[in-house]
Amino acid sequence: MVITKISADGFKNLKKVEIYPHEKMNIFCGKNAQGKTNLIEAIWLCSGVRSFRNTKDREMIDINGQFMNIDISFKNSFRSQDIHFAMARPNVREKNVTLNGVKLKTPSKLFGSLDCVIFTPEDLELSKGSPENRRQFLDLSVSQIKNSYSSVISKYDDLIEQRNILLKNICYGRSKREELEVWDIQLAQLGAYISLLRYNYTKKLDMFAKKLYEDISEGRERLELEYYSTVYSNLEGRKDYAGEMAEEYLNCLQNNLEDDIRAGFTQKGVHRDDLAGKINGLAVRQFASQGQHRSLALILKLSQAYILAEEIDDSPCILLDDVLSELDLSRQKFVISKIHDMQVFITCCDRNIPFDEKSHGKIFNIENGMIVQENK
Ligand SMILES: Nc1ncnc2c1ncn2[C@@H]1O[C@H](COP(=O)(O)OP(=O)(O)OP(=O)(O)O)[C@@H](O)[C@H]1O
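Rules behind the numbers
Residues numbered from 1 in each chain as written. Predicted model: local features only at pLDDT ≥ 70, side-chain atom pairs only at ≥ 80, totals over all residues. Heavy atoms only, no water. Near = heavy atom within 4 Å. Polar contact = N/O pair within 3.5 Å; in protein donor to acceptor, adjacent residues only side chain to side chain. Areas by Shrake-Rupley, 256 points an atom, 1.4 Å probe, with all protein chains shown as cover. Helix = DSSP H or I, 4+ residues; strand = E, 2+ residues; numbered from the N terminus. Pairing = 2+ DSSP bridges. Contact = heavy atoms within 4.5 Å. Axes fitted to C-alpha atoms, helices over the stretch in contact; angles between N-to-C directions. Core = buried A, V, L, I, M, F, W, Y, C linked by side-chain atoms within 4.5 Å. Buried < 20%, exposed > 50% of the residue type's maximum accessible area, 1.4 Å probe, protein only. Domains from an automatic or database assignment. Salt bridge = Lys/Arg side-chain N within 4 Å of Asp/Glu carboxyl O. Buried area = accessible area lost by both parts, 1.4 Å probe.

K.L.:
An account of the site of the ligand is needed here, citing residue identities and associated values.
P.N.:
Taken together, the neighbourhood of the ligand is formed by 17 residues, with Ala-33, Lys-36, Thr-37, Asn-38 and Arg-53 sitting nearest. Gln-34 is positioned such that a nitrogen or oxygen atom in its backbone is 3.0 Å from an oxygen atom of the ligand. Relative to its free-state accessible area of 660 Å², the ligand is covered by the protein chains to the extent of 71%. At three residues, helix H1 (residues 36-45) tops the list of elements feeding residues into the shell around the ligand.

Structure follows, in structure tokens:
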């Protein structure tokens, strides 16, 4: 997949942007607060996934302006496509989003057209940070290859919230235990399905990540990844998420009920699971060094890109927002060597990036929301 043209105007501080990216490497250089991340965010928005910065709709439009529009043309080996994304004040909820001229109901309908993988500095904390980050990583990864999955996750989150409110009400004698059943049955069905999808994805992840980790550690370290479930002791070979697995999930919720009432929240379930790893047999969480955490985080993101590429039978666009400057030279070279045959958008403040721009890419300069190509 290759983005051939990006136009943007009025998206945050971006002004009259019109660029024709290189089909491989694109580097966007600029001082702080010039609009580099805004450009990455504009591309990401057109992938149909919500803003990675949690930007509210009204914040997307230039504070001094009334409208914003983003236009992206991209192609794969079969066809060329166009995305148009626009909105205007005051009614920012009403977005004008079209794919190849056809109006879409919501921006999320763009999902699955322009496939992107994004690396941000926060992703470098993926291994070391909280389990919540890894669950979000798994959920985004699964939703990229299974369209309906993100709505399952939001439904599960709503149910858990309802259940937790009810648990507190039971604790204070305001509700009865029997009222839980209706929530638990639904939770068990969704939870079993989520467990299975995350488990299957983790198996793929393990396959790609093992090989990449061996490369980054020059054969010295062996990585194993596994899905840590708070409900199931073993998910190997399981398929019947609507039957046996849902039943086991329900039993788990019911067996923990008294503890949950005391705690005031649901202590077991996919909202408490984790992606766990071992390096040379030692648990990453307890024993990994800073460098090992960082390498693992990179490898998880690279594996995400490789799995998506395999699924869509094409390479996704890679968006690296201010990540390389956080890495030492050998890791920078490693990352670039693993994505050099995909289209890449890199933002940075300085241009000490290990690649030969003359033969392999374009460099753009960003200043005050305006973008100019440097090496024509
Ligand atoms: N709605 C908006 N309207 C106008 N300007 C905005 C809006 N939202 C953000 N900005 C401006 O965009 C600029 C930030 O752009 P961006 O986050 O892309 O910076 P950056 O070039 O990536 O910087 P850094 O290297 O520091 O991360 C800030 O100056 C901010 O004030």
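K.L.:
If you had to explain the sheet that holds strand S10 (residues 274-279) to someone new, which residues and values would you point to?
P.N.:
The strand order across the open sheet built from three strands is S9-S10-S11, with neighbouring strands paired in antiparallel fashion. Of all the strands in the sheet, the pair left with one neighbour each is strand S9 (223-228) and strand S11 (282-283). Strands in contact with helix H5 (residues 180-216) are S9 and S10; relative to S9, the strand with the most contacts, it is inclined by about 170 degrees.

K.L.:
Give me the nonpolar core: which residues, what numbers.
P.N.:
For soluble globular proteins, the rule of thumb is that nonpolar side chains tend to be buried together. Of all hydrophobic cores here, the largest spans 73 residues; its most connected members are Leu-205, Ile-318, Leu-320 and Ile-346. Lining this core are residues from two domains, each supplying at least three of them: domain 1 (2-115 + 314-373) and domain 2 (127-290). Excluding anything up to four places from it in sequence, Ile-346 contacts Met-25, Asn-26, Ile-27, Phe-28, Leu-320, Leu-324, Ile-336 and Ile-353. Ala-8, Leu-110, Cys-116 and Phe-364 belong to the second largest nonpolar core, which has 41 residues in total.

K.L.:
For the pattern of salt bridges, give the residues involved together with the corresponding values.
P.N.:
All chains considered together, the criterion is met by 18 salt bridges. Here Glu-236 ties to Lys-203 by a salt bridge, and the two come within 3.5 Å at their closest N and O atoms. In this pair, Glu-236 sits in the loop between S9 and helix H6 (244-255) while Lys-203 sits in helix H5, placing the two residues 33 residues apart along the sequence. Residue Glu-218 pairs with Arg-220 through a salt bridge whose shortest N-O separation is 3.4 Å. The two residues Glu-218 and Arg-220 agree in class, both being exposed. Overlapping salt bridges bring together Arg-134, Asp-274 and Arg-285 as one network.

K.L.:
Go over the domain arrangement of the protein chain with me, naming the residues and quoting the values.
P.N.:
One can read the domain layout of the protein chain as domain 1 (2-115 + 314-373) and domain 2 (127-290). With centres defined by C-alpha atoms, the gap from domain 1 to domain 2 works out at 32 Å. With six residues of domain 1 at the interface, the matching set in domain 2 holds seven residues. Buried area between domain 1 and domain 2, summed over both chains or domains, comes out near 620 Å², and the portion from carbon and sulfur atoms is 71%. Three residues, Phe-111, Phe-334 and Lys-338, lead the burial of domain 1 against domain 2; their summed loss comes to 69% of the area buried on that side. At the junction of domain 1 and domain 2, the tally comes to one salt bridge.

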